[in-house]
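Take a look at the letters that make up each chain.
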Amino acid sequence: MNAELQPSTRDYRLLIGGRLVPGASSFEVINPATERVLALCPRADVAQLNQAVAAAKSAFGTWSARPLRERGALLLKLADALSAKSEEFARLLTQEQGKPLPQAFGEVAGSVAMLRTFAGMDLPVKVLKETESTRVLQQRVPLGVVAAITPWNFPLILLMIKVGPALLAGDTLVVKPAPSTPLTTLRFGELCAELLPAGVVNVIADQNDLGSALTSHPDIAKVAFTGSTATGRKVMASVASTLKRLTLELGGNDAAIVLDDVDPKEIAPKIFAGAMVNTGQVCLAIKRVYAPDSIYEELCAELARLAEAAVVGDGLTAGSQYGPLQNKAQFDKVQGYIADARAHGKIIAGGTPVKGPGYFIRPTIVRDIADDTRLVREEQFGPILPVLRYSDLNDAIARANATEYGLGATVWSKDPQRATEVALKIDSGTVWVNKHLDLQPDVPFGGAKQSGFGRELGQEGLEEFTQAKIINIAR
Ligand code: NAD
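Residues numbered from 1 in each chain as written. Predicted model: local features only at pLDDT ≥ 70, side-chain atom pairs only at ≥ 80, totals over all residues. Heavy atoms only, no water.

Draft legend 1. Spatial organisation of the overall build of the chain. When its secondary structure is counted, the chain shows 15 helices and 20 strands. Here the chain has a C-alpha radius of gyration of 23 Å; the compact-globule value for 475 residues is 23 Å, and the two agree. Principal-axis analysis of the C-alpha atoms places the extent of the chain at approximately 65 × 65 × 40 Å. Within the chain, buried positions represent 56% of all 475 residues. Here the chain has roughly 18,200 Å² of accessible surface; of this, 53% comes from carbon and sulfur atoms. Averaging the coordinates of the 50 positive side-chain charges in the chain and doing the same for the 51 negative ones gives two points 4 Å apart. (Helix = DSSP H or I, 4+ residues; strand = E, 2+ residues; numbered from the N terminus. Rg over C-alpha atoms; globule rule 2.2 N^0.38 Å. Buried < 20%, exposed > 50% of the residue type's maximum accessible area, 1.4 Å probe, protein only. Areas by Shrake-Rupley, 256 points an atom, 1.4 Å probe, with all protein chains shown as cover. Lys, Arg positive; Asp, Glu negative; His and termini not counted. Charge placed at Lys NZ, Arg CZ, Asp CG, Glu CD.)

In C-alpha cells form, the structure reads like this:
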C-alpha cells in the first residue's frame, strides 16, 4: 500500500487474525474542517467481531508465553515504525480529528514515547514476605484478551496507553476506535500486521453499534475503556455478566482555582491554553475557573482578549491554533451550551458561529454565570469557558468539589505551598499546581468519583493489565 496516497484514495482495512480485510460494509469518515468525505471506513459486523476475539484468544497462549523482554523488543519495533511514519500519521490525524498539524505531530510523538516507555518496563516477581517457615511471592500474570475502546479526541495516544501495557504484560487485543476517528487506528493496525504475530492485535471499526457485543463477549477478559461517563455506565453494566476486569477513563469537569496572589496577565494565557487546547475537547481540560473578587475583572478581561486573538482554522493551514469541533453532534452540543450561557450569563468573547464549511466555534468566554447552569454543571467538551467569582477560598473549594466528576483540577498561586494545601482538599484523580496537562508516561493518572476508576500510565497503568498471583511456599 502506498503511504503517499491521499486518505480518500487509500484502502482502509480491518485487522483480524493477522490479515487486513475489508469490512462487512463501509461508512464515510468526514473531515470536520471541510465537512467533506475524507475516506471510506470498513465497518465490521458481529461475525467479524467474533472472529477478531477468536483470533486474539488463540494468539494469547503463545504471546503470553514469550519472555517479557521479547514482547518489549517488539513493542520498540512498533514504536520505531510509528516514529518513521510520523508525518503521514500526523497529517491523517489532523484530517480526521481536526487538531492543528503541530499538535497532531505532538500526539504522534507522545504515542511513540508511550510505547517506548512501556517497552522498557518490567513485571518482576516480588517477594512479599520471607520468614523462617514461609516465603510468599507475588507474580503478575496476563489476563487474556483485552478490548480497547477509544474516543475521538486523542485517538492515537489514548490507544497507545492501552496497547503498550497490554502487549508488554502478555495480553492480546481487540481494538475499537470511535466511528468519527477510525483511520489512524486502522493505519496503526497495518503496522501491527507487519510486525506482530497474527492475532496479537486485532482492529475492528463500527458505527457505535458493536460496543456492547464486545464488552459482553465471554472471551474478553478485560475492557480498557476511554469515553464519556454515560457510555462508561453502560460498559460497566455490560461487563458485569462475566465479571470482566475494567478500567474506565471517563469525563471530567475540571475546576481551576485561582488564588488572590497571582498576576492575572501572567496566569491568563496558561488558563486559556488549558481550557482551549484541542478546541476544549480534552477530558482534563480546564472546564470551570474560580477567581477571587480582587482579580475577577482583570482575569475575565485577559481571557477575553486571548479569545479574540485566537487563530481558528483548518488544522492543515499554517498558523491555525484551534481546529474545528470533531463532529457535528459535538458542534451542535456546544452551540447548546452557548445558548445556555447567553440566557444565564454574559458572553464576553466568541459565542458567534464561524462561517462554514467546518464545525468551527471560536473560543468563548462567559462571566457572571451561576453554578447551577448547564455550562457549569455539565462537561461542555468544547471551547467555551465559564469564569466564576468567589469571595471565600473554602467556599470555592467546596464549589469545585460539588460535582459527580473527579478527573483533574488545577490550582494557581505565586505560593506553591499555599496552592498545594488547596490541592490536598480537591476530590479528583490529579491536581496540577501552576501547570496543566503534564501527563508523564511514568506517572499514573485516572479518575475519582464518576470520572472512572483504575489507572493508566506508570507501573500502576501496566499492572492494570495483569492480575496478581500469590505463590506461598513452605520452607
Ligand atoms: P463516547 O463514550 O461516546 O465513545 C467512546 C467510545 O465508546 C467510542 O469508541 C464509541 O464507539 C464506544 N461506544 C459507544 N457506545 C458503546 C457501548 N454501549 N459500549 C461500549 N462502547 C461504546 O465518548 P466520546 O464522545 O467519543 O469521547 C468524549 C468523552 O470521552 C468525554 O466525556 C471525555 O471527557 C472522555 N474522555 C476521557 C478521557 C480520560 O482519560 N478520562 C480521555 C479522553 C476522553
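From this point, the narrative continues.
Draft legend 2. Expanded view of the pattern of salt bridges. Going through the model one piece at a time under the given rule, you end up with 31 salt bridges. The shortest N-O distance in the salt bridge between E70 and R66 comes to 3.0 Å. Residue classification places E70 among the partly exposed positions, given a relative accessible area of 37%. In this structure R66 comes out as partly exposed when scored by relative accessible area, which is 29%. Between R399 and D395 there is a salt bridge whose closest N-O contact spans 3.9 Å. Here R399 pairs with D395, and both are found in helix 13 (residues 393-401), just four residues apart, close to one helical turn. Linked through salt bridges whose partners overlap, the residues forming this network are D293, E297, R367, D368 and R389. (Salt bridge = Lys/Arg side-chain N within 4 Å of Asp/Glu carboxyl O.)

Draft legend 3. Molecular detail of the side chain of N31. Mapping N31 onto the fold places it in strand 3 (residues 25-31). At 2.8 Å, the side chain of N31 forms a polar contact with the backbone nitrogen of A33. Once residues lying within four places of it in the same chain are set aside, the contact partners of N31 are R36, L38 and Q95. (Polar contact = N/O pair within 3.5 Å; in protein donor to acceptor, adjacent residues only side chain to side chain. Contact = heavy atoms within 4.5 Å.)

Draft legend 4. Local environment of the packing of helix 2 (residues 68-84) against helix 5 (residues 157-169). Taken N-terminus to C-terminus, the directions of helix 2 and helix 5 make an angle of 150°; their axes are 8 Å apart at the nearest point. On the basis of their axis angle, the class for helix 2 and helix 5 is roughly antiparallel. Taken together, the residues of helix 5 that come into contact with helix 2 (itself represented by L68, R71, G72, L75 and L78) are G164, L167, L168 and A169. Of the residues that constitute the contact of helix 2 with helix 5, the class distribution is six nonpolar, two polar and one charged. (Axes fitted to C-alpha atoms, helices over the stretch in contact; angles between N-to-C directions. Parallel < 35°, antiparallel > 145°, perpendicular 65-115°, else oblique. Nonpolar A, V, L, I, M, F, W, Y, C, P; charged D, E, K, R; others polar.)

Draft legend 5. Structural view of unusual backbone geometry. For the bond running from G356 to P357, omega is 0°, close enough to zero to count as cis. By secondary structure assignment, the location of P357 is in the loop between strand 14 (346-349) and strand 15 (364-367). Phi at N434 takes a positive value of approximately 60°, unusual for a residue other than glycine. With respect to the helices and strands, the residue N434 is situated in the loop between strand 18 (432-433) and strand 19 (452-453). A relative accessible area of 26% means that N434 is categorised as partly exposed. Even without glycine at this site, L437 takes up a positive phi of about 60°.

Draft legend 6. The sheet that holds strand 5 (residues 126-130), seen in detail. Taken in spatial order, the three strands of this open sheet run 5-6-20, and their pairing is antiparallel. Unpaired on one side and paired on the other, strand 5 and strand 20 (466-474) mark the two borders of the sheet. Geometrically, the sheet is characterised by an average inter-axis angle of 25° between neighbouring strands, direction not taken into account. Judged from the nine bridges that link them, strand 6 (residues 134-142) and strand 20 form a sheet pairing that is antiparallel. Paired with V136 across the bridge in strand 20 is N472. (Pairing = 2+ DSSP bridges.)

Draft legend 7. Just the sheet that holds strand 16 (residues 384-390), in detail. Taken in spatial order, the seven strands make up an open sheet running 14-15-16-13-12-17-18, and their pairing is mixed. The sheet is open, and its two edges are formed by strand 14 and strand 18, each paired on a single side. Bridge count between strand 12 (residues 254-258) and strand 13 (residues 286-292): four bridges; the pairing is parallel. Paired with A256 across the two strands is V289, which belongs to strand 13.

Draft legend 8. Structural view of the environment of T131. Note on placement: T131 falls in the loop between strand 5 and strand 6. Spatially, the C-alpha atom of T131 lies 8.5 Å from that of R475, the residues being 344 residues apart in sequence.

Draft legend 9. Quick look at the site of the ligand. The environment of the ligand is formed by 29 residues, the closest being T150, N208, S228, T231 and E379. Separating an oxygen atom of the ligand from a side-chain N or O atom of W152 is a distance of 3.0 Å. Contact between the ligand and T231: an oxygen atom at 2.7 Å from a side-chain N or O atom of the residue. When the ligand is considered free in solution it has 850 Å² of accessible area, and contact with the protein chains removes 90% of it. Going through the elements one at a time, helix 7 (211-215), strand 10 (222-226) and helix 8 (229-239) are the ones with two or more residues in the shell around the ligand. (Near = heavy atom within 4 Å.)

Draft legend 10. Looking closely at the nonpolar core. Core analysis: the largest hydrophobic core is formed by 89 residues, its most contacted members being L78, L167, L173, F188, L196, V201 and V223. Element by element, the count of residues in this core is highest for helix 5, at 10 residues. When residues no more than four places from it in sequence are discounted, the contact partners of F188 are L78, F89, L115, L159, M160 and V163. Residues Y337, Y359, A409 and I426 belong to the second largest nonpolar core, which totals 28 residues. (Core = buried A, V, L, I, M, F, W, Y, C linked by side-chain atoms within 4.5 Å.)

Draft legend 11. Molecular detail of the environment of L196. With respect to the helices, strands and loops of the structure, L196 is situated in the loop between helix 6 (183-195) and strand 9 (201-203). As a C-alpha pair, L196 and K287 span 91 residues in sequence and 40 Å in three-dimensional space.

Draft legend 12. Region of interest: the pairing of strand 6. By the bridge criterion, four bridges tie strand 5 to strand 6 in an arrangement that is antiparallel. Directly across from K126, in strand 6, lies its bridge partner Q138. The turn linking strand 5 back onto strand 6 is made up of three residues.

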